Amino acid sequence: MKWLLAFAVTAIATPALPQPKGDTVILRASHILDGTGGVLKDRDLHIRDGRIVEITPPGAHFDHDLRGMTLMPGWIDTHAHISARFDQAGKDVFPNSLGEETREEAALSVAANGWATLRAGFTTIQSPGDRLDAPLRAAAAKGPFPSPRILTSLDLIQAKDTPDPAAVRAKVRQMKADGADLVKLFADGHGELSQAALDAGCDEARRLGLRTIVHSHSLAATRRVIAAGCTTLEHGNELDADALNAMKSAGMYYDPNLDIPVHYARRKAALPEAATYRSGDIAQMPEAYRTYVATFRQALASGVQIVFGSDAVAGTHGQNADEFVWRVIDGGQPPMDAIVSATSLAAKSLGLADEIGTIAPGMRADLVAVAGDPLRDIRVVKQVRFVMKGGAVFRKD
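Residues numbered from 1 in each chain as written. Predicted model: local features only at pLDDT ≥ 70, side-chain atom pairs only at ≥ 80, totals over all residues. Heavy atoms only, no water.

**A closer look at the nonpolar core**
Item 1. Core analysis: the biggest nonpolar cluster contains 80 residues, and Trp75, Leu185, Phe324 and Trp326 have the highest contact counts within it.
Item 2. Non-local contacts of Trp326, meaning those with residues more than four positions away in its chain, are made with Leu258, Asp259, Val262, Arg266, Pro272, Glu273, Ala274, Tyr277, Met285, Tyr289 and Gly331.
Item 3. Membership of the second largest hydrophobic core comes to 17 residues, among which are Ala29, Leu45, Ile52 and Val393. (Core = buried A, V, L, I, M, F, W, Y, C linked by side-chain atoms within 4.5 Å. Buried < 20%, exposed > 50% of the residue type's maximum accessible area, 1.4 Å probe, protein only. Contact = heavy atoms within 4.5 Å.)

**Thoughts on the pairing of strand E2 (residues 39–48)**
Item 1. Judged from the nine bridges that link them, strand E1 (residues 24–33) and E2 form a sheet pairing that is antiparallel. Looking at E2, one finds that Ile32 is bridged to Leu40.
Item 2. Following E1, the chain reverses through five residues before pairing antiparallel with E2; Gly35 in that reversal takes a positive phi of roughly 95°.
Item 3. As judged from the five bridges shared by E2 and strand E3 (residues 51–56), these two strands associate in the antiparallel manner. (Pairing = 2+ DSSP bridges. Helix = DSSP H or I, 4+ residues; strand = E, 2+ residues; numbered from the N terminus.)

**Here's the deal with the packing of helix H9 (residues 287–302) against helix H10 (residues 322–330)**
Item 1. Contact pair H9 / H10: the axes reach a minimum separation of 10 Å and the direction vectors enclose 65°. Overall, the two elements H9 and H10 adopt an arrangement that is roughly perpendicular. For the pair H9 and H10, the sense of crossing is right-handed. Together, Tyr289, Val293, Phe296 and Arg297 of H9 and Trp326, Arg327 and Asp330 of H10 make up the contact between the two elements.
Item 2. Here the contact of H9 with H10 is composed, by residue class, of four nonpolar, no polar and three charged. (Axes fitted to C-alpha atoms, helices over the stretch in contact; angles between N-to-C directions. Parallel < 35°, antiparallel > 145°, perpendicular 65-115°, else oblique. Left-handed = near helix turned anticlockwise from the far one by under 90°. Nonpolar A, V, L, I, M, F, W, Y, C, P; charged D, E, K, R; others polar.)

**As for the state of the cysteines**
Working definition: the covalent bond between the sulfur atoms of two cysteines is a disulfide.
Item 1. Applying the stated rule across the entire model yields one disulfide.
Item 2. Between the sulfur atoms of Cys202 and its disulfide mate Cys230 the distance is 2.0 Å. Handedness here is read from the sign of the S-S torsion; for Cys202 and Cys230, about 90°, the answer is right-handed. Here Cys202 is found in helix H5 (residues 195–207), whereas its partner Cys230 is found in the loop between helix H6 (219–228) and strand E13 (232–235), with 28 residues between them in sequence. Per residue, the accessibility class of Cys202 equals that of Cys230, and both read buried. (Disulfide = S-S within 2.5 Å.)

Here you go:
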């Protein structure tokens, strides 16, 4: 199993550097994007017990020299299927199933996905719907384990399993009891839920203090999601002005996932790489991608809250930052707004704005540094040089 050997070698070669309790570690940075749209120059970040305790002008001592890089809050991917993987026969497996693999092999594959994602600068992810997420979530929460912080729905709700509102409510209650951080529902695609079922699911989740994210591609399905008062619309490839205005008025979040048609098409044909992508390269991209981009531009002009989700699946873990490139170069999103969408705005959408997504005293020490300046060239998000999660260093190139 070559992938397992590569994972083991990488993990040994790049161990986490945990911070001893009570000790202060100082990061010196020349260019800081604070996650809210602010820029800081020439500052020391003082880290203690996993949090930022102070930001000061440069002093006499520092532990990590990040000058010449751009330091940002650790990125947040609000839609990454961390348990999606290829089995030992190379077949796509997800969600909540085993392919041609043992449970141990599946667990190792999921852990490798977590390591690849963390090394790519993503210190928190939201994973919609797989029970295999739970052990990795627990391990990542306990200490310096090489995985992002994980929020997961553990399961999903679709019409074939939950055909009526009562069944949907019962499933939401079961997901809450099982420890889900959110509820994932399908308005179309894998079993279309009726308006009454969506109403029941989003209402029951609100009653239990859970957020809801809803898969919807068509305009008709999106209208049902809006009417149900759900938290976040996923995909949303068909939108009109009325739908966007309703989402904006309701304070909903929109997670468009431009990388979906790219990562599936890439399995069959060579496509331009994000690290070297140029605006003219859109002609070489799949037709579906160009449709996604057009809808994204429409949403961007509306002012709806757009969060950062890549919809990472098997074979794309660790490539999550490609989404930045598509959104900025083809989607026309200002680079700072794209970064905010993956930091403070993403944190707000997860109910974690007081913990992550911003560089400020009191916040968790989740940080990523890249070579160069993403405000000048967004493609440098593919050049991660430093990753810290909860005060522990997981990458230092």
